[in-house]
Amino acid sequence: MTISGKGVFKNRGWYWIPRTCALVLTIILLSACAQKRAYLYETGERPIPPDIESQILPHKTTQDDVLTLLGEPIARLKTKTDEGHIHIWTYSYMDLQSPSQDKGESLTITFDDKSFVVLSVTRGPL
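Structure report, in brief. (Residues numbered from 1 in each chain as written. Predicted model: local features only at pLDDT ≥ 70, side-chain atom pairs only at ≥ 80, totals over all residues. Heavy atoms only, no water.)

With that out of the way, let us pick up the overall build of the protein chain. A tally of helices and strands in the protein chain yields two helices and four strands. Overall, the protein chain shows an N-to-C arrangement of helices and strands of α-α-β-β-β-β. Looking at the protein chain as a whole, 22% of its 126 residues qualify as buried. Intrachain contacts of the protein chain at a sequence separation of at least 6 include 46% that bridge at least 24 residues. (Helix = DSSP H or I, 4+ residues; strand = E, 2+ residues; numbered from the N terminus. Buried < 20%, exposed > 50% of the residue type's maximum accessible area, 1.4 Å probe, protein only. Contact = heavy atoms within 4.5 Å.)

Take a look at the structure:
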């Protein structure tokens with residue numbers, strides 16, 4: 001049995017070269033757009049501003065106010081208490097360029113479950 005007609009694979013030629021070059025050029029251009037950060041942070045973390053506790057007032061500052069000041073927390077926890085529930089948000093930062101590797105701090109903010117206002121603010125080491 002013979003197959004008549006032109007070979008389908010003969011006309012492919014060098015079509016893969018422009019596609020490969022375009023892919024390599026795109027990768028190079030995208031990698032050139034990447035910016036170096038001044039400091040290395042853990043994923044999703046950034047430094048906690050100094051003296052931020054003075055701007056977060058218990059029984060006055062709301063969760064929305066804290067989100068505006070600090071952004072999304074690293075961890076959120078809702079726990080049951082005798083009076084109901086409380087929300088605990090944790091912000092943390094570790095300076096990975098510090099030679100001692102123990103330069104880290106955390107900020108823990110507790111909110112009331114009913115009014116979503118701050119109950120307490122605690123800054124401490126990691």
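Continuing now.
What follows concerns the sheet that holds strand β3 (residues 104-112). Taken together, the four strands give an open sheet; going across it, the order is β1-β2-β3-β4, and neighbouring strands pair in antiparallel fashion. A single partner strand is all that each edge strand has here, and the edge strands are β1 (75-81) and β4 (118-125). Looking at each pair of strands side by side, their axes are set apart by 20 degrees on average, direction ignored. When strand β2 (residues 84-94) meets β3, the two strands line up antiparallel, connected through nine bridges. Residue pairing in the sheet places W89 in a bridge with I109 of β3. Contacts from helix α2 (residues 63-70) reach β1, β2, β3 and β4, with the element oriented near 5 degrees to β2. (Pairing = 2+ DSSP bridges. Axes fitted to C-alpha atoms, helices over the stretch in contact; angles between N-to-C directions.)

This part covers unusual backbone geometry. Within the chain, H59 stands out as a residue other than glycine whose phi angle is a positive 65 degrees. On the secondary structure map, H59 appears in the loop between α1 (16-33) and α2. A relative accessible area of 61% places H59 in the exposed class. A positive phi angle, close to 55 degrees, is found at F116, a residue other than glycine. Within the element layout of this structure, F116 appears in the loop between β3 and β4.

Turning to the pairing of β2, a few remarks are in order. Note that β1 and β2 share seven bridges and pair antiparallel. If you follow T81 over to β2, its bridge partner there is G84. Linking two consecutive strands that pair antiparallel, namely β1 and β2, is a turn of two residues.

The values reported here are purely geometric and, on their own, carry no functional implication.
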